[in-house]
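Overview (structure and organization)
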Amino acid sequence: MSTFEPHRNSEQLLPVTTAGDGVDIESAGSGLTEESSAYRKRRDEIAALAADHTVGDPIPEVEYTDAEHALWRLVSQRLAERHRYLAAPEFLAAAERLDVTGEGVPQLRDVSDRLHGLTGFRLRPAAGVVPFALFCGSLADRYFHSTQYLRDGATPFYSTEPDILHEVIGHGSAMADDRFAALYRLAGEAVRRVESETAVQFVAKTFWFTIECGLLDAADGPRAYGASIVSSYGELEHFRSADIRPLDIADMVHVDYDITQYQTTLYSARSLAHLEDVAGEFWASCDDTSIEKLLVVDI
């Protein structure tokens, strides 16, 4: 899950969610969770800061509450425990490089400044979901749209929408690594290059199965680097029970995904170099014609 609107196919918009612990995942698929009125009010207060933000101005600071800092500590510490044996070493090294505090919710401005010094990426505050073409296209300019509000404390291991924990721990960590950051940029350049809605949605699908939910092979089994998995306590425990296939862009033509459920199909690259060769080269060269041929040939 990111601050964009992914599609299950070209006709159907899906709500943005991360499957995690703390809720009944089956009911999440049909109705998600009911947000508390207090959470909605708090989310809207923080989102308003982003809505009023002008690009180029300093990112507004949020006065997080003691409860929000406690929530961040709880979830980030639990995630760190699972990262040690379920996250890819390359992701762990990137997260260590970004060095986000686990003691409380970080200010987006501070994370952005740190990230910019490492790989040139900056975070841009977002009030909520951003259309995929805009969200992903901004990556070409090294800008990542990020929310600043934190999930409902009633469901600490689950969020029905993108929140700062997912954005910073998931995506921010990856973008602190030069090679992962280059892949984000290539995806952004790809979505700007293509013109048809069909091509945009196929780029979105490849983004989902790599940047969001990608795995890397390891001696003890596949390990996650995808932001939606590494920021989801529940999915970290679940992903190895999915149908894990070798990374193959053409195979993705046949696979649908539902972001309201634990993923049933995932792709694992043999290494980061293999990910660069497959996904990176696809994003670097794809256009409407090549994607159309891929879709036609593999129907």
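Conventions we followed
- Residues numbered from 1 in each chain as written.
- Predicted model: local features only at pLDDT ≥ 70, side-chain atom pairs only at ≥ 80, totals over all residues.
- Heavy atoms only, no water.
- Helix = DSSP H or I, 4+ residues; strand = E, 2+ residues; numbered from the N terminus.
- Buried < 20%, exposed > 50% of the residue type's maximum accessible area, 1.4 Å probe, protein only.
- Contact = heavy atoms within 4.5 Å.
- Areas by Shrake-Rupley, 256 points an atom, 1.4 Å probe, with all protein chains shown as cover.
- Phe/Tyr/Trp six-rings, centres within 6.5 Å; stacked < 30°, edge-to-face > 60°.
- Lys NZ or Arg CZ within 6 Å of the ring centre and 35° of its normal.
- Pairing = 2+ DSSP bridges.
- 1 Å grid on protein atoms, 1.4 Å probe; cavity = no way out; pocket = protein on both sides within 12 Å on 5 of 7 lines; lining within 4 Å.
- Points joined across faces, edges and corners; volume = space filled by probe spheres on them.
- Expected span 1.5 Å × (residues − 1).
- Arc of directions from axis to C-beta.
- Salt bridge = Lys/Arg side-chain N within 4 Å of Asp/Glu carboxyl O.
- Polar contact = N/O pair within 3.5 Å; in protein donor to acceptor, adjacent residues only side chain to side chain.
- pLDDT = per-residue confidence, 0-100.

**Points about the overall build of the protein chain**
- Summing up its helical and strand segments, the protein chain has 13 helices and eight strands in all.
- Counting across all 299 residues of the protein chain, residues that qualify as buried make up 56%.
- Taking all contacts inside the protein chain whose residues are at least 6 apart in sequence as the whole, residues at least 24 apart take part in 70%.
- Carbon and sulfur atoms make up 48% of the accessible area of the protein chain, which totals about 12,200 Å².

**Concerning the packing of aromatic side chains**
- For the coordinates displayed, the defined rule picks out 11 aromatic pairs.
- On the basis of an interplanar angle of 75° and a centroid distance of 6.4 Å, the ring pair of Phe121 and Tyr184 is categorised as edge-to-face. Within this pair, whereas Phe121 is found in the loop between α5 (108–119) and β2 (122–125), its partner Tyr184 is found in helix α8 (residues 178–193), the two being separated by 63 residues in sequence. Residues Phe121 and Tyr184 agree in their burial class; the two are buried.
- Relative to Phe144, the ring of Phe135 has its centre 5.2 Å away and its plane inclined at 75°; by these criteria the two rings are edge-to-face. Each member of the pair, Phe135 as well as Phe144, carries the same accessibility label: buried.
- Taken together, the aromatic side chains of Phe121, Phe132, Phe135, Phe144, Tyr184 and Phe207 make up a single cluster linked through ring pairs.
- Above the ring of Tyr233, the side-chain terminus of Arg82 is found at 3.6 Å from the ring centroid.
- The ring centre of Tyr143 lies 4.1 Å from the NZ or CZ of Arg124, which sits over that ring.

**Observations concerning the sheet that holds strand β6 (residues 223–224)**
- In spatial order, the strands read β6-β5-β8-β7; together these four strands make up an open sheet with mixed pairing. Here the strands that pair on one side only, and so sit at the sheet edges, are β6 and β7 (243–246).
- Summarising the sheet, β7 and strand β8 (residues 265–269) pair through four bridges and their orientation is parallel. Directly across from Arg245, in β8, lies its bridge partner Tyr267.

**Topic: unusual backbone geometry**
- Its identity as a non-glycine residue notwithstanding, Asp99 has a phi of 55°, on the positive side.
- Within the secondary structure, Asp99 sits in the loop between α4 (89–98) and α5.
- With a relative accessible area of 58%, Asp99 lands in the exposed category.
- The phi dihedral of Arg142 falls on the positive side, at around 65°, and the residue is not glycine.

**As for the layout of surface pockets**
- Estimates place the volume of the largest pocket at around 370 Å³.
- In terms of lining residues, the largest pocket is bounded by 17 residues, among which Ser76, Ala80, His83, Ala95 and Val100 are the most central.
- Sorting the residues of the lining of the largest pocket by element identifies α3 (66–86), α4 and α7 (164–175) as the ones contributing at least two each.
- Counting residues per element, the lining of the largest pocket draws most heavily on α3, at seven residues.

**A short note on α5**
- Its 12 residues place the ends of α5 16 Å apart at the C-alpha level, agreeing with the 16 Å of an ideal helix rising 1.5 Å per residue.
- Looking only at α5, the buried set comprises Leu108, Val111, Ser112, Leu115, Leu118 and Thr119. Angularly, the buried residues of α5 cover 130° about the axis, an arc narrow enough to put them on a single face.
- Turning to α5, the residues buried within the fold contact α4, β2, β4 (143–146), α7 and α8.
- At the C-terminal side of α5, Gly120 shows a positive phi close to 90°.

**Focus on the pattern of salt bridges**
- Applying the stated criterion to the full structure yields 13 salt bridges.
- What you see here is one network of salt bridges that share partners, running through Arg42, Glu45 and Glu68.

**Details of the side chain of His145**
- The residue His145 is located in strand β4 in this model.
- Looking at His145, the relative accessible area reads 7%, which means it is buried.
- Engagement of the side chain of His145 in a polar contact is seen with the side chain of Ser138, the distance being 3.1 Å.

**Some remarks on the environment of Arg109**
- As for its placement among the helices and strands, Arg109 is situated in helix α5.
- Once residues within four sequence positions are removed from consideration, Arg109 is found in contact with Pro58, Ile59, Pro60 and Glu61.

**Considering the confidence of the model for the protein chain**
- Confidence in the prediction of the protein chain, expressed as mean pLDDT, is 88, and 87% of residues score 70 or more.
- Across residues 5–33 the pLDDT falls below 50, and counting only partners more than four positions away or on other chains, this stretch makes 84 contacts in the model.

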